[in-house]
Amino acid sequence: MPHVLALDQGTTSSRAIVFDHAGSVRAVAQREFRQIFPRSGWVEHDPREIWASQTGVAVEALASASLRPRDLAAIGITNQRETAIVWDRETGEPVMNAIVWQDRRTAPLCDRLRAEGKEPLIREKTGLVIDAYFSGTKVAWILENVPGARERAEAGKLAFGTVDSWLVWNLTGGRLHLTDASNASRTLFFNIHTGEWDDELLGLLGVPRSLMPEVRGSSEVYGTVSAGHDLEDVPIAGIAGDQQAALFGQACFTPGLTKNTYGTGCFMLQNTGDKAPPSRHKLVTTVAWRRDGRTEYALEGSVFIAGAVVQWLRDGLGIIRASSDVEALAVSVPDNGGVYLVPAFAGLGAPHWDAYARGTIVGITRGTSAGHLARAALESIAYQVSDLADAMQSDSGVPLAELRADGGAAGNDMLMQFQADLLGVPVLRPAVTETTALGAAYLAGLATGFWSSIADVAGQWRVERRFEPAMGRDRVEELRSQWRRALERAGGWESPA
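Definitions and limits used
- Residues numbered from 1 in each chain as written.
- Predicted model: local features only at pLDDT ≥ 70, side-chain atom pairs only at ≥ 80, totals over all residues.
- Heavy atoms only, no water.
- Pairing = 2+ DSSP bridges.
- Helix = DSSP H or I, 4+ residues; strand = E, 2+ residues; numbered from the N terminus.
- Axes fitted to C-alpha atoms, helices over the stretch in contact; angles between N-to-C directions.
- Contact = heavy atoms within 4.5 Å.
- Expected span 1.5 Å × (residues − 1).
- Buried < 20%, exposed > 50% of the residue type's maximum accessible area, 1.4 Å probe, protein only.
- Parallel < 35°, antiparallel > 145°, perpendicular 65-115°, else oblique.
- Nonpolar A, V, L, I, M, F, W, Y, C, P; charged D, E, K, R; others polar.

(A) Geometry of the sheet that holds strand S18 (residues 294-303). Spatially, seven strands are ordered S17-S18-S16-S15-S21-S22-S23 in an open sheet, and the strand pairing comes out mixed. The open sheet is flanked by strand S17 (284-291) and strand S23 (463-467), the only strands paired with a single partner. In this sheet, neighbouring strand axes are inclined to one another by 30 degrees on average, regardless of whether the strands run parallel or antiparallel. Bridge count for strand S16 (residues 266-273) against S18 is seven bridges, and the pairing is antiparallel. Directly across from Gly273, in S18, lies its bridge partner Tyr297. Lying on the sheet, helix H13 (residues 413-423) is in contact with strand S15 (258-262), strand S21 (403-406), strand S22 (427-430) and S23; it crosses S22 at an angle near 145 degrees.

Below you can see the structure in the form of structure tokens.
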């Protein structure tokens, strides 16, 4: 029986997962890579490390499953979305490190665009807000700050892509320079209504159209892996940004269904079908996926720092030895002891969009312990998700009936219960929590006939555990009121450059 290989290229690690026809995990391989911080607020990755780590884990996963490339029906790719890479078309060499989605160096450029009154135009065409989070301003920065980059770009010698484009380029030996509609919709250059790159938006940021990849569907056969790789001749047949892939993997195929991924950041998406509703509460409207010539959309709220706050407890403070230790430390105390941690290490995302907010801890006393800090860190994730849920319900007019949870931190029972308490609705954890990779696998498998239909894959979704709300609403409001006070203290801390 063939299998599908999902390449899940994330912010802190590259993963490869082999799925069988039942949607079950056969093998997983994962490798972390360097996080580069040249200055305060700047975050970079080495694109060559991304490529090496991703191909390395692909080979490991196949070996672990005792499979060969001929046993694969397809490869699906899912990726960290807004990270920008520019490379030379002839040599394939990046002109500089990738600028990661968390990077804030272009916040002043975003301020200028807003001051020039460009936000309504960008919002109308792209569904996005003006923020350093998205890749468009990162590309503009590269062209302005890397010596000779603008001249080479205008001469057609450079290529831009998000991480999916970089992987496809390398997998095919430079034959294919493409992206899918879900990733394209995160750039500030893509008109989500026409489904094409927009010359007015490209001109606004001074980016030549020749840099841009071809935009394709999220589920189609793009080509095969070239000779010289350990995946030679396997079809590449599915691409989606990580959060859209998770929405697909969570079987959120009906308008109104909502998922939240608890990863490095938190990302809540609600399927809105073939409508692209504008947000009145600082969410973004994004392409969910494009299949069979039909585009579906989603409302999205993005939290920049979620699971990354646990990494900070481990690597920055050293109060835990492994990320998995955080739950035991957090439940060693009965509550947060009045301590609130706002993890605005890279500013605040939706629905606040404060590029100048910074991390803040309030309520510390002599009685504060490492357990209180751990609990405050985990609770900060749930508070931020609750802020997104409020905005999403206001925008869509659809009451949240349940939340489908996935991502690494979804395995934390304390966090999931606290999330259900704050939201007042059940939080459902699926049997397969690798929903980001699973979504990419489904998209690829549907394109090659490995799975026959949407109904086929929807029937595989199963609940592993259901967390029911148990906290009184008065107590919830008391806690959330204190969280809002902490947010106010974190806001606008950094001075604009």
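Having put the structure on the table, let's press on.
(B) Geometry of helix H14 (residues 435-447). Between its first and last C-alpha, H14 extends 18 Å over 13 residues, near the 18 Å set by a 1.5 Å rise per residue. For H14, a buried count of 12 out of 13 residues is recorded, marking the element as mostly surrounded by other parts of the structure. Among the residues making up H14, those that are buried are Thr435, Thr436, Ala437, Leu438, Gly439, Ala440, Ala441, Tyr442, Leu443, Ala444, Gly445 and Leu446. Of the residues one or two after H14, Gly449 is the one with positive phi, at around 80 degrees.

(C) Structural context of the packing of H13 against helix H16 (residues 473-490). Between H13 and H16, whose axes approach to 9 Å, the crossing angle comes to 100 degrees. Between H13 and H16, the interaxial angle falls into the category roughly perpendicular. Contacts between H13 and H16 involve Phe418, Asp421, Leu422 and Leu423 from the former and Arg473, Val476, Leu479 and Arg480 from the latter. The residue inventory of the contact of H13 with H16, partitioned by class, reads five nonpolar, no polar and three charged.

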